[in-house]
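The residues making up each chain are set out below.
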Amino acid sequence: MDTNRFDPTNESMHVDYPEPTKVRSDRRGASAVEMAIVLPLLLLMIFGIIEFGRAIMVHQVLVNAAREATRRAVIPGATDAQVMSRITNYMNGAGISGYSVTLKIDGTVATLDGSSSSITNAASKSAIGIGISVPHSQVSFGIISLISSNRNFSAGVEMRKE
């Protein structure tokens, strides 16, 4: 018979492993310490990703609202009320409030409140620009809104009147 082969009944080949409870008792509390170190960093990273995603979304909404309003403003016969309505509808649809709107006609700041006729009186081929800005504190969640309370998100679009 070959003596090099493993024989499960042979007691001399038996290996004693430490009991699982002894191994665990040496590491008691290590999981809690590791979690206490890693969890705040993980939460900070998750909330940072959420804030960054929200910032990108708000900026895109501002750009789209300015673009839609400017496209309406350059069409002959457009009124200030129609342009302001486009902005209001777009911003309300995204749930953004507290924004301000700036209108420039050939580089000169004009009033855009929905009741004046700045856009109606603009000459053909004049450059019409609409800018929209909103304070960061109006659209941010959590502690980041406290840090950057004096900053604004803004976007603007300029097109030539037809």
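Heads up: the structure comes first, above all this text.
In this text, all values refer to a predicted model and were calculated from it rather than measured experimentally.

A. Examining the overall build of the chain more closely. The number of helices and strands found in the chain is 5 helices and 4 strands. By residue count, 28% of the 162 residues in the chain fall in the buried class.

B. Representation of the sheet that holds strand β1 (residues 100-105). Sheet architecture is open: 4 strands sit in the order β2-β1-β3-β4, paired in antiparallel fashion. The open sheet terminates on both sides in strands that have one partner only, identified here as β2 (108-110) and β4 (152-160). The mean angle between the axes of side-by-side strands here comes to 25°, regardless of whether they run parallel or antiparallel. Its contacts with the sheet put helix α2 (residues 30-73) on β3 (127-135) and β4, and the angle it makes with β4 is roughly 25°.

C. Highlighting the side chain of S133. Inspection of the secondary structure puts S133 in strand β3. When its relative accessible area of 18% is taken as the criterion, S133 is described as buried. Excluding residues that lie within four positions of it along the chain, S133 makes contacts with Y99, S100, F153 and S154.

D. Summary view of the nonpolar core. L62, V83, I87, M91, I130 and I132 are the most contacted members of the largest nonpolar core, which has 29 residues in total. Of all the elements in the fold, those that place two or more residues in this core are α2, α3 (80-94), β1, β3 and β4. Top element by residues in this core is α2. It accounts for 9 residues. With near-sequence residues (within four places) excluded, L62 lies in contact with M91, I132, V134, F153, S154 and A155.

E. Focus on the pattern of salt bridges. Evaluation of the coordinates by the stated rule reveals 2 salt bridges. The salt bridge involving E68 is made with R71; its shortest N-O contact spans 3.5 Å. In this pair, E68 and R71 are both assigned in helix α2, 3 residues apart and thus about one turn of the helix distant. For E68, the salt bridge identified is with R86, shortest N-O distance 3.8 Å. Residue E68 is found in helix α2, and its partner R86 is found in helix α3; the two are separated by 18 residues along the sequence. What you see here is one network of salt bridges that share partners, running through E68, R71 and R86.

Conventions used here
Residues numbered from 1 in each chain as written. Predicted model: local features only at pLDDT ≥ 70, side-chain atom pairs only at ≥ 80, totals over all residues. Heavy atoms only, no water. Helix = DSSP H or I, 4+ residues; strand = E, 2+ residues; numbered from the N terminus. Buried < 20%, exposed > 50% of the residue type's maximum accessible area, 1.4 Å probe, protein only. Pairing = 2+ DSSP bridges. Axes fitted to C-alpha atoms, helices over the stretch in contact; angles between N-to-C directions. Contact = heavy atoms within 4.5 Å. Core = buried A, V, L, I, M, F, W, Y, C linked by side-chain atoms within 4.5 Å. Salt bridge = Lys/Arg side-chain N within 4 Å of Asp/Glu carboxyl O.

Distances and angles like these do not, on their own, reveal function.
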